[in-house]
There are 2 protein chains.
Amino acid sequence: MNFFEAAQQRYSHKERFLPDSVPESALNQIATAGLAAPTGNNTQCVKLVILRERDEVQKLADIVGTEGLKTAPSAIAVLTDSEGHRAPYNFEMEDYSTAATQMLLAAVALGYVSVWLDSPFFSDETQKAARTALGASDRYHLRVVLPIGLPDGEGSRRDKLSFEERVSYGVMQG
Amino acid sequence: MNFFEAAQQRYSHKERFLPDSVPESALNQIATAGLAAPTGNNTQCVKLVILRERDEVQKLADIVGTEGLKTAPSAIAVLTDSEGHRAPYNFEMEDYSTAATQMLLAAVALGYVSVWLDSPFFSDETQKAARTALGASDRYHLRVVLPIGLPDGEGSRRDKLSFEERVSYGVMQG
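Residue indices follow the written sequence of each chain, beginning from 1 at its first position. Chain A is the first chain written and ligand 1 is the first ligand written, with later ones labelled in order. Two thresholds apply to this predicted model, a pLDDT of at least 70 for residue-level local features and 80 or more for giving and counting side-chain atom pairs, whereas whole-chain, interface and lining totals are computed over all residues. With hydrogens and water excluded, all non-hydrogen atoms of the structure serve as input to the side-chain values.

**Quick word on the environment of A37 of chain A**
The way it works is that DSSP assigns letters per residue, a run of H or I at least four long becomes a helix, a run of E at least two long becomes a strand, and they are numbered from the N terminus. Locating A37 of chain A in the fold gives a position in the loop between α2 (24-35) and β1 (46-51). According to the relative accessible area criterion, A37 of chain A is buried, its value standing at 4%. Spatially, the C-alpha atom of A37 of chain A lies 13 Å from that of F91 of chain A, the residues being 54 residues apart in sequence. When sequence neighbours within four positions are dropped, the list of residues in contact with A37 of chain A reads T98, A99 and Q102 of chain A together with R10 of chain B. Summary of the burial criterion: residues with accessible area below 20% of their type's maximum are buried, those above 50% are exposed, and those between are partly exposed, where the area comes from a 1.4 Å probe applied to protein chains only. The criterion used for residue contact is that any of the two residues' heavy atoms lie within 4.5 Å.

This is how it looks when you write it as structure tokens:
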């Protein structure tokens with residue numbers, strides 16, 4: 001799919017997924033696109049855990065029961081390595097965001113939908129439980145989980161500000 | 001251009017740019033792709049300033065003289081609005097990162113190169129000077145500037161870790 005089509009078609013699918021499985025080759029292609037994302041100082045502190053089977057996704061759904069995790073046939077968990085940096089900078093936030101962005105677009109380019117699930121893992125309790133489910137040690141931080149699959153019906157989309165409200169030329173307006 | 005081609009071709013162009021100007025329509029298309037990026041809680045806290053002319057880019061080059069700013073015919077500055085949030089969350093880091101990622105890919109999809117320039121604006125002094133040059137008040141934070149144009153020669157690329165070093169299936173390895 002053309003890049004601009006993918007960017008325009010992408011949305012946050014907060015509803016249910018169909019049970020149809022996603023081929024491992026597609027999940028690998030999505031992960032590869034994520035790993036090609038920009039990374040601060042080339043530290044590449046992002047690690048991915050691909051959950052190919054429904055029962056693997058269910059382990060996370062048992063911790064935080066969003067519609068996506070309860071129904072998606074597969075998912076990719078995005079973690080950052082807190083030791084993977086060079087002082088004085090820490091680009092964990094940027095690095096996981098760039099990787100997740102490229103994976104969301106890749107999923108759309110292959111005909112799937114996804115959603116950026118981060119807030120369910122903000123609490124210490126869910127963060128620790130999810131890390132344990134993923135076999136990740138304390139040096140890793142689970143940043144976002146991307147359920148991936150086909151949508152069970154059309155997902156809702158939220159209103160967006162206009163181009164003019166967010167873009168200026170030369171100097172900022174307002 | 002196909003999404004996956006754009007993701008694989010993108011790299012950080014740290015060298016000089018050719019003087020050939022970038023049409024306003026292309027800059028608008030790149031900005032539009034950035035605004036279509038995921039945004040936490042749909043707050044859309046990212047604002048863009050498009051620098052269409054060399055003399056506008058030069059204002060930033062006068063503050064921080066990277067090769068990109070000294071030579072690029074155009075650029076897009078990415079700012080976040082510190083008041084554009086809903087408590088308790090602040091997604092400024094994620095939001096500017098997702099927008100910048102999609103703009104870098106969009107530039108590549110249109111045949112241009114770019115680079116993520118953030119560290120030159122980390123100091124209070126350069127941050128303030130650049131905000132002033134962009135006409136941005138204190139409520140905005142200049143996060144990254146993306147010089148955009150054609151490369152003056154082939155840019156260097158850094159080595160990347162392998163897929164196997166960064167991806168696990170089901171549970172993390174290592």
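**A word on the nonpolar core**
Only buried residues count toward a nonpolar core. Its members are Ala, Val, Leu, Ile, Met, Phe, Trp, Tyr and Cys residues joined through side-chain atoms within 4.5 Å. If you look at the biggest cluster of nonpolar residues, it comprises 65 residues, and the most contacted ones within it are F3 and L48 of chain A together with F3 and L48 of chain B. In this structure L48 of chain B touches R166, V167 and S168 of chain A together with A31, L35, I76, A77, V78 and M103 of chain B, once residues within four positions along its chain are discounted. Membership of the second largest hydrophobic core comes to 21 residues, among which are L69, A77, L134 and L142 of chain B.

**Here we look at the pairing of β1 of chain A**
Within β1 of chain A, 6 of the 6 residues are buried, leaving the element largely enclosed by the surrounding structure. Burial of the side chains of β1 of chain A extends over both faces: V46, L48 and I50 of chain A are buried on one face and K47, V49 and L51 of chain A on the other. In this scheme, strands are said to pair when DSSP sees at least two bridges between them. Note that β1 of chain A and strand β5 (residues 167-169) of chain B share 3 bridges and pair parallel. When the bridges of β5 of chain B are listed, V49 of chain A appears paired with S168 of chain B.

**Some points on the relation of the copies chain B and chain A**
C-alpha atoms of residues with pLDDT of at least 70 in both copies form the basis for the least-squares superposition of the copies. For the pair chain B and chain A, the relating rotation is 180°, the translation along its axis is 0.0 Å, and the fit reaches an RMSD of 0.0 Å. Taken together, these values place the two copies in the relation of a two-fold axis. Residue by residue, 100% of the interface of chain B is reproduced at the interface of chain A, so both copies engage with the same surface.

**Regarding the sheet that holds strand β2 (residues 74-81) of chain B**
As a general point, the strands of a sheet are linked pairwise by backbone hydrogen bonds and lie either parallel or antiparallel. Within the open sheet, the 5 strands sit side by side as β5(A)-β1(B)-β2(B)-β4(B)-β3(B). Their pairing is mixed. Edge positions in the sheet fall to β5 (167-169) of chain A together with β3 (113-114) of chain B, since each of these pairs with one other strand and no more. Angles run from 0 to 180 degrees between N-to-C directions of axes, and those axes are lines fitted to C-alpha atoms, restricted for helices to the stretch in contact. Relative to the sheet, helix α2 (residues 24-35) of chain B contacts β5 of chain A together with β1 (46-51), β2 and β4 (140-149) of chain B, its axis offset from that of β1 of chain B by approximately 165°. Running over the sheet, helix α3 (residues 54-61) of chain B touches β1, β2 and β4 of chain B and is turned about 115° from β1 of chain B.

**Focus: the packing of helix α5 (residues 92-109) of chain A against helix α5 (residues 92-109) of chain B**
In a packed pair of helices, the relevant descriptors are the angle between the two axes and the axis-to-axis distance. Packing of α5 of chain A against α5 of chain B brings their axes to within 8 Å, and their N-to-C directions diverge by 50°. The angle between α5 of chain A and α5 of chain B falls in the class oblique. For the pair α5 of chain A and α5 of chain B, the crossing hand works out as right-handed. On α5 of chain B, the residues touching M93, E94, Y96, S97, T98, T101, Q102 and L105 of chain A of α5 of chain A are M93, E94, Y96, S97, T98, T101, Q102 and L105 of chain B. Across the contact of α5 of chain A with α5 of chain B, the residue classes break down as 6 nonpolar, 8 polar and 2 charged. These descriptions rest on fixed angle ranges, namely under 35 degrees for roughly parallel, over 145 for roughly antiparallel, 65 to 115 for roughly perpendicular, and the rest for oblique. The sense of a crossing depends on the near helix, which, turned anticlockwise from the far helix by less than a right angle, makes the crossing left-handed and, turned clockwise, makes it right-handed. Each residue is assigned to one class: nonpolar for Ala, Val, Leu, Ile, Met, Phe, Trp, Tyr, Cys and Pro, charged for Asp, Glu, Lys and Arg, and polar for all the others, Gly among them.

**Considerations on unusual backbone geometry**
Although it is not a glycine, N41 of chain A adopts a positive phi angle of roughly 55°. Looking at where N41 of chain A falls in the secondary structure, it is placed in the loop between α2 and β1. Residue N42 of chain B is not a glycine yet carries a positive backbone phi of 55°. Within the secondary structure, N42 of chain B sits in the loop between α2 and β1. The class of N42 of chain B is buried, set by a relative accessible area of 11%.

**Thoughts on the pairing of β1 of chain B**
Of the pairings in the sheet, the one linking β1 of chain B to β2 of chain B comprises 6 bridges and is antiparallel in character. Note that in β2 of chain B the partner of L51 of chain B across the bridge is A75 of chain B.

**Quick notes on the sheet that holds β1 of chain A**
Spatial ordering of the open sheet is given by β3(A)-β4(A)-β2(A)-β1(A)-β5(B), a layout of 5 strands whose pairing is mixed. Since the sheet does not close on itself, it has two edges, and those belong to β3 (113-114) of chain A together with β5 of chain B, each with one partner.

**So, the interface of chain B and chain A**
Taken together, the contact between chain B and chain A spans 67 residues of the former and 67 residues of the latter. When the buried surface of chain B facing chain A is broken down by residue, F3, R166 and M172 of chain B rank first, second and third, together holding 14% of it. Put simply, a salt bridge is a Lys or Arg side-chain nitrogen that is within 4 Å of an Asp or Glu carboxyl oxygen. The tally of links between chain B and chain A comes to 0 salt bridges. Identification of polar contacts relies on pairs of N or O atoms within 3.5 Å, with a donor-acceptor requirement for protein atoms, meaning one able to donate a hydrogen and the other able to accept it, and with residues adjacent in sequence counted only if both atoms are side-chain atoms. Across the chain B-chain A interface, the total number found is 32 residue pairs in polar contact (both at pLDDT 80 or more). The set of elements that each furnish at least two residues to the side of chain B that touches chain A consists of α1 (3-9), α2, β1, α5, α7 (163-166) and β5 of chain B. No other element matches the 11 residues that α5 of chain B contributes to the side of chain B that touches chain A. Looking at side-chain class alone, the side of chain B that touches chain A contains 37 nonpolar, 18 polar and 12 charged residues. Simply put, the buried area is the total loss of 1.4 Å probe accessible area from both parts when two parts are fitted together.

These results come straight from atomic positions and should not be treated as a statement about function.
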